[in-house]
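Secondary and tertiary structure notes
So you can see what is in the structure, the chains are spelled out below.
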Amino acid sequence: MRAAIKRGRHSMRLVTASGFALAWVLAAAPAEAADILASIPSDLSVTVYRAPLRSSGSITLDDLGGFALVSETRTVRLPAGVSRLRFEGVADGIDPASAIVTGLPDGVIEKNREGKLLSPAALIDAALGKPVTLLRTDKKTGKSARLAGTIRSDAEGGVVFETSEGIEALRCSGLPETLSFSGVTDLAATPTLSVLVRSAEPITAAVTLSYLARDFDWAADYVATLSADGNTMDLGAWVTLANGNGVGFPSARTQVVAGRVNRENRAVEPLDIGGPILAQCWPRGSTSDPPQYLQIDLASPLSAAREKMAMTQTLAAAAPRLTEITLTGRKKVEQEQLGDLKLYRVPDRTTVSSRQSKQVRLLDRSSIPITPVYGADLAADENAASAPAHLLLRTMNDASHHLGLPLPSGRVAVFAARDGGTLLQHESNVRDLAVDEEVEIDMGESSDVRVASQSDQTGDSARAETLPLVPGTLRLRPANVGAVNRVDVSNARATEIHFELRLRLPEGGRVVRADHPLGTKNGRPIFRLSIPANGTVTLRYQSQHG
Amino acid sequence: MRVQLLSIGWVFCLLAHAPAMAAERALSVTIYADDLALVQDRRDIEIKGGRQRIEFQDVSAQIRPETASLTAADISIVEQNFDFDLLTPAKLMEKAVGHEVTIVRVNPATGAETREAALVLATNGGVVLKIGQRIEVLRDDGLPVRVIFDKVPENLRARPTLSVTVIGGRAGTRPATLSYLTPGLGWRADYVALYNEADGKIDVQGWVTLTNSSGAAYDNAQTLLVAGSPTQVDGGARQPNYYRGSQPRGTLQQAGTESGSRERLGDYYLYPLAELTTIANLQTKQVSFLDVHGVPAEHGYEFRNHWLGTSETPQSAKSIYSFSTSAHAGLGDQLPAGVLRFYMRDKRGDPQFIGESRIDHTPMGSTLSLATGDAFDVKVRAVVDKRTRLSAFDWQSEMRYELTNALPRPVTVKLLQEGLWGDSRITAESQKSTRRSADTAEWAVAVPANGKASLTATFETRY
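From a predicted model like this one, the values you see are computed outputs, not experimental measurements.

1. Structural notes on the overall build of chain A
Looking only at helices and strands, one finds 4 helices and 32 strands in chain A. Burial analysis of chain A (546 residues in total) assigns 53% to the buried set. When contacts within chain A are restricted to residue pairs at least 6 apart in sequence, long-range pairs at least 24 apart make up 78% of them.

2. Re the overall build of chain B
Within chain B, the regular secondary structure consists of 2 helices and 30 strands. The C-alpha atoms of chain B give a radius of gyration of 34 Å, which is well past the 23 Å a tight globule of 463 residues would have. Across its three principal directions, the C-alpha atoms of chain B cover 105 × 55 × 55 Å. Buried residues in chain B amount to 50% of all 463 residues. Within chain B, contacts between residues separated by at least 24 positions form 71% of all contacts whose residues are at least 6 apart in sequence. When the accessible surface of chain B is summed, it comes to about 20400 Å², and 51% of that surface belongs to carbon and sulfur atoms. Computing the positive centroid from 50 side-chain charges and the negative centroid from 53, chain B places the two 2 Å apart.

3. Comments concerning the state of the cysteines
Where two cysteines share a covalent bond between their sulfur atoms, that bond is called a disulfide. All names here are of chain A. As enumerated under the stated definition, the model contains 1 disulfide over all chains in all. With a sulfur-sulfur separation of 1.6 Å, Cys-172 is cross-linked through a disulfide to Cys-281. One quick way to see it: the torsion about the S-S bond of Cys-172 and Cys-281 is about -115 degrees, and its sign makes the bridge left-handed. One end of the pair, Cys-172, is in the loop between β11 (166–169) and β12 (177–180); the other, Cys-281, is in the loop between β16 (249–258) and α3 (303–312), and 109 residues separate them in sequence. Take Cys-172 and Cys-281: they sit in the same class, and that class is buried.

4. Some words on the interface of chain B and chain A
How big an interface is tends to be stated in terms of accessible area lost as the parts join. Every contact between the two is made by 114 residues of chain B and, on the other side, 106 residues of chain A. Note on chain B versus chain A: buried area summed over both sides is about 9400 Å², and carbon and sulfur give 54% of it. For the pair chain B and chain A, the interface holds 17 salt bridges. Across the chain B-chain A interface, the total number found is 39 residue pairs in polar contact (both at pLDDT 80 or more). Here the side of chain B that touches chain A gets 17 residues from one element, more than from any other, and that element is strand β24 (residues 367–391) of chain B.

5. Regarding the nonpolar core
Among the nonpolar cores identified, the biggest contains 87 residues, and Phe-87, Tyr-211, Tyr-222, Phe-249 and Phe-499 of chain A are the most heavily contacted of them. Per element, the largest residue contribution to this core is 11 residues, and it comes from strand β14 (residues 203–226) of chain A. Those residues within four positions of Phe-499 of chain A in sequence are excluded, and the remaining contacts are Tyr-374, Gly-375, Ala-376, Ala-389, Val-449, Val-451, Val-489, Phe-527, Arg-528, Leu-529 and Ile-531 of chain A. The next biggest cluster of nonpolar side chains, apart from the first, holds 70 residues, and it includes Leu-343 of chain A together with Val-29, Val-295 and Leu-370 of chain B.

6. A word on the environment of Glu-100 of chain B
Residue and element names in this part refer to chain B. Within the fold, Glu-100 resides in strand β6 (residues 100–106). Along the sequence, Glu-100 and Val-147 sit 47 residues apart, while their C-alpha atoms lie 10 Å from each other. For Glu-100, the residues in contact, after removing those within four places along its chain, are Ala-117, Ala-118, Leu-119 and Asp-150.

7. Regarding the pattern of salt bridges
According to the stated counting rule, one finds 71 salt bridges over all chains in the structure shown. A salt bridge links Arg-394 of chain A to Glu-440 of chain A, with the shortest nitrogen-to-oxygen separation between them at 3.0 Å. Pair noted here: Arg-394 of chain A is in strand β23 (residues 384–396) and Glu-440 of chain A is in strand β26 (residues 438–456), with a separation of 46 residues, a long-range link. For Arg-394 of chain A, a relative accessible area of 13% corresponds to the buried category. The partly exposed category is assigned to Glu-440 of chain A, whose relative accessible area is 33%. Arg-502 of chain A serves as the salt-bridge partner of Glu-312 of chain B, at 2.5 Å between the closest nitrogen and oxygen. With one member in each of two chains, Glu-312 of chain B in the loop between β20 (284–305) and β21 (315–324) and Arg-502 of chain A in strand β28 (residues 497–504) form a pair that bridges those chains. Taken together, the salt bridges that share partners define one network made up of Arg-136, Glu-165, Glu-168 and Glu-177 of chain A together with Glu-113, Arg-115 and Arg-146 of chain B.

8. Let's talk about the sheet that holds strand β7 (residues 113–122) of chain B
Residues and elements named next belong to chain B. Strand order across the open sheet formed by 5 strands is β9-β8-β7-β6-β10, with antiparallel pairing between neighbours. Either end of the sheet is taken by a strand with one partner, and the two such strands are β9 (134–137) and β10 (145–148). Across the sheet, the mean angle from the axis of one strand to that of its neighbour is 40 degrees, orientation sign disregarded. Sheet topology note: the β6/β10 ladder contains 4 bridges and is antiparallel. Within the sheet, the bridge partner assigned to Ile-103 lies in β10 and is Val-147.

9. Examining the sheet that holds strand β11 (residues 161–168) of chain B
The strands that make up a sheet are held in pairs by hydrogen bonds between backbone atoms, and each pair lies either parallel or antiparallel. All names here are of chain B. Pairing within the open sheet is antiparallel, and its 3 strands lie in the order β3-β11-β5. Each end of this open sheet is capped by a strand with a single partner; those strands are β3 (50–56) and β5 (75–83). Direction aside, the axes of adjacent strands within the sheet are offset by 20 degrees on average. Sheet analysis places β5 next to β11, joined by 8 bridges and oriented antiparallel. In the strand pairing of β11, Asp-83 is matched with Thr-161.

10. A few points about the confidence of the model for chain A
Residues and elements named next belong to chain A. Averaged over all residues, the pLDDT of chain A is 80; the fraction at 70 or higher stands at 83%. The low-confidence segment residues 1–31, where pLDDT is below 50, has 83 contacts with residues more than four positions distant or belonging to other chains. Predicted confidence is poor over residues 297–321, with pLDDT under 50, and the contacts of this stretch with residues over four places away or in other chains come to 29 contacts.

11. Focus on the packing of aromatic side chains
Counted under the stated rule, the structure contains 16 aromatic pairs over all chains. Aromatic pair Trp-307 of chain B and Phe-459 of chain B: ring centres 5.5 Å apart, planes at 90 degrees, arrangement edge-to-face. Here Trp-307 of chain B, found in the loop between β20 and β21, pairs with Phe-459 of chain B, found in strand β30 (residues 451–461); they are 152 residues apart in sequence, far enough to count as distant. With a relative accessible area of 17%, Trp-307 of chain B lands in the buried category. Judged by its relative accessible area of 0%, Phe-459 of chain B is buried. Through a chain of ring-to-ring contacts, three or more aromatic side chains come together here, namely Tyr-49 and Phe-67 of chain A together with Tyr-343 and Phe-353 of chain B. We note Lys-111 of chain A situated over the ring of Trp-207 of chain B; from NZ or CZ to the ring centre the distance is 3.8 Å. Geometry around Phe-67 of chain A places Arg-263 of chain A over its ring, the cationic atom sitting 4.4 Å from the centre.

12. Some details on the environment of Gly-309 of chain B
Residues and elements named next belong to chain B. Note that Gly-309 resides in the loop between β20 and β21. The buried category is assigned to Gly-309, whose relative accessible area is 3%. The spacing of Gly-309 and Tyr-269 is 40 residues in sequence and 42 Å in space, taken between C-alpha atoms.

13. Notes on the side chain of Asp-154 of chain A
With respect to the helices, strands and loops of the structure, Asp-154 of chain A is situated in the loop between β9 (144–153) and β10 (160–163). For Asp-154 of chain A, a relative accessible area of 15% gives the class buried. Polar side-chain contacts of Asp-154 of chain A include one of 2.9 Å to the side chain of Arg-159 of chain B. With sequence-adjacent residues up to four places away left out, Asp-154 of chain A is seen in contact with Ile-124, Asp-125 and Leu-128 of chain A together with Arg-159 of chain B.

14. Looking at the environment of Ile-203 of chain A
Residues and elements named next belong to chain A. Checked against the element boundaries, Ile-203 lands in strand β14. Separated by 91 residues in the primary sequence, Ile-203 and Asn-112 place their C-alpha atoms 22 Å from one another. Leave out the neighbours within four places in its chain, and Ile-203 touches Val-76, Arg-77, Leu-78 and Pro-105.

How each quantity is defined
Residues numbered from 1 in each chain as written. Chains lettered and ligands numbered in written order. Predicted model: local features only at pLDDT ≥ 70, side-chain atom pairs only at ≥ 80, totals over all residues. Heavy atoms only, no water. Helix = DSSP H or I, 4+ residues; strand = E, 2+ residues; numbered from the N terminus. Buried < 20%, exposed > 50% of the residue type's maximum accessible area, 1.4 Å probe, protein only. Contact = heavy atoms within 4.5 Å. Rg over C-alpha atoms; globule rule 2.2 N^0.38 Å. Areas by Shrake-Rupley, 256 points an atom, 1.4 Å probe, with all protein chains shown as cover. Lys, Arg positive; Asp, Glu negative; His and termini not counted. Charge placed at Lys NZ, Arg CZ, Asp CG, Glu CD. Disulfide = S-S within 2.5 Å. Buried area = accessible area lost by both parts, 1.4 Å probe. Salt bridge = Lys/Arg side-chain N within 4 Å of Asp/Glu carboxyl O. Polar contact = N/O pair within 3.5 Å; in protein donor to acceptor, adjacent residues only side chain to side chain. Core = buried A, V, L, I, M, F, W, Y, C linked by side-chain atoms within 4.5 Å. Pairing = 2+ DSSP bridges. Axes fitted to C-alpha atoms, helices over the stretch in contact; angles between N-to-C directions. pLDDT = per-residue confidence, 0-100. Phe/Tyr/Trp six-rings, centres within 6.5 Å; stacked < 30°, edge-to-face > 60°. Lys NZ or Arg CZ within 6 Å of the ring centre and 35° of its normal.

Here is the structure:
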């Protein structure tokens, strides 16, 4: 079922009502409805949305949490009266409740998604209590004997049938035997959507079917290349989109949407993908088998039906994983506003194949000025052993920084130049960044810049007096002022660096004395320091409790 | 045509099982919102005089047998049984213990068949047979042996079966109605809303979505949907959420007070399907019930900050669409609970999905305010600038909210600060707030196109 399905193998087909009356499986639609198969899609559009819960980072091909809006235009020829219009080859991850059909002249009576697919077990199930033919082949002569019979049960995987000779169980005798079914079934091979529609006169119409389908995802993959002096970078990005469905979308208009959209999580409608004919038998132990403890099966109400339903949910797990990765040319996607979201349109029609990930160019910007900033986040009044500082690359998302365009979330790989080539320096996640937002690329830890903090618990008041008062400190309560803290920041690099030290204070606490200028960022105290090349800066502060 | 087809179906059933006759059938299915349905199955049954067993094989596999009841003129019910002992080869052999079966040995070289009668002695692990005076293990040598049973034991069936033993007063065919409750059938509403940004209007279509996982098909059933659930599953109402920070955002802004023309049952609304429909097992079926065009809708932004919420990076405001369900300026209908999906046309005019929101059962005349997702370009950064302890139980908190708008048009963000319970006061604010409730203060902050706005407020609280 999950195998790749090529569109185009179905041709227009008409099955009349009389054909259905003869079929041993009764049609699900009212008896007078003719069965019409919609043509293969003449126009396809796929809009891929990200996994709603992922705010940054790249996609995982094994577990695509996003979804897509698929729109297909198909041609239908409807006779007068009620017809059952069938759309075959929709994505396996279809959310049937989201399906919209437009372009039908009169009223749509109802939309259906059949949950039962054609399989050997489904054939037996449908033939229960109905005449079938038993085929027994003689292994020696190759002759087969045909015997008319009726299936009496297919419960719990065993098949019991009745012939003129009596009651027998399938494949318990050791003889090659099988069942042969007559007539046609209306069970479909792939998830199929059908629409019951009434038309006053025979018409030909172009019908558009839109639906949401799971198992798609996309993210932006940025590549930042640092210049030799480390003051600018070139930024390029790909849109990486993936389709984990077994259905491909040939020459489709393809879009991706950035921004988080609300999705209500809801149980997926069960789908019975069927299974093999198990033909379970009675106990078949022999005298040469090793002894076994006697096991008596307790009757369990309806367990078979429940298990079967549970089994249907494992459908996704059995699917083969994505294999193909396609890189298209350097033509960039076009961005437009869609409500409060950003829509990126792939410029040309492209084929989104089954189980494929595809990359389209998102942007290319060069000489973006960046400021490397080292930083540490420390709890106030606590001792901390020497630890490496964190490095961030900071810039602004505006035109003066050669940016100024919405940056969708994803992953950024930072490369640095070396001997004419480039080497990967760090990889990190980025969130959705609007125009005029500050951009911070996490570069990991730097062992060249280290921070150590010490709290001087002796409380030497004479030394404390030497620390200048932080401007704006009005209500200094000497009783609440804590010990002097000493923070050493060392720089083993051959250049001067910017360093930001942020402090976590208890509720109501504040820094009252410090020997360096104090700032505030997001409501927390921050010291912005300049550390000379191959030098060390020592900072001392005192805080007051609330 | 339909009658003919049905009768063919019934002939098959009669051939296979059905000790009693049953013919022309009228099915009616009433589906409640929470996975519960009432099935009423009316058919002609041939009643013989005296005691007789009537089997119903095509009932839901998840039937609640204690709710089943059979009514017909001039019969009295003796007992009702729900048999779930299923017919499998192993059970067939197990029930044959102590009985005779026919075994057919097939000579692998010649294909010649030898028939013998055998008594089944035991089926524990393997089948032990007594043939004449010999004791043998069935197929111990691996050679092909067919086993033929005379009949299927009485209470073994392919599917769980409801059987009713009745005593008929007078013989003859008469209509009987079997009704029962079953889980496995459910319905909900799905809405499609197409938002037109230029004139601020939405077109809304409503579909009821039926799902059937009950294990049975309901052919040509008269279907009635009830917007409500008559039983309280798992013991009662939703637990009130005492943790203040995590209250979900309500979608109903103003509960409506208008009455519609829809049929009601008690306080529930009824949605009958216009035509007979066939609900196949595992089928998802959708039937339209609402189609309204050009309803005025408003688009706005909302940001909720929990108490002392402070963020390192700007957080997206929620994108909100609100509209009315009243008769004169809205959808003009009650909305059964379900999911409303919003679409909007892109530059080429193709509808694109922009998010969805769940709605509760909504009376007519209500105002709904639905969040479809996060705005990419409208962000808010809430910062606790300063916390000062004024006295042992008195705190002063200075909050700053920085709003940014990267859209080329001005927007207004509804900014909500939650968690102001007790005798919290706002002592200073840069813009006048309205107090939505004791808990929540609200500001409508205008943010210029491609610009920024800032709001500060000082709170005095007990914590």
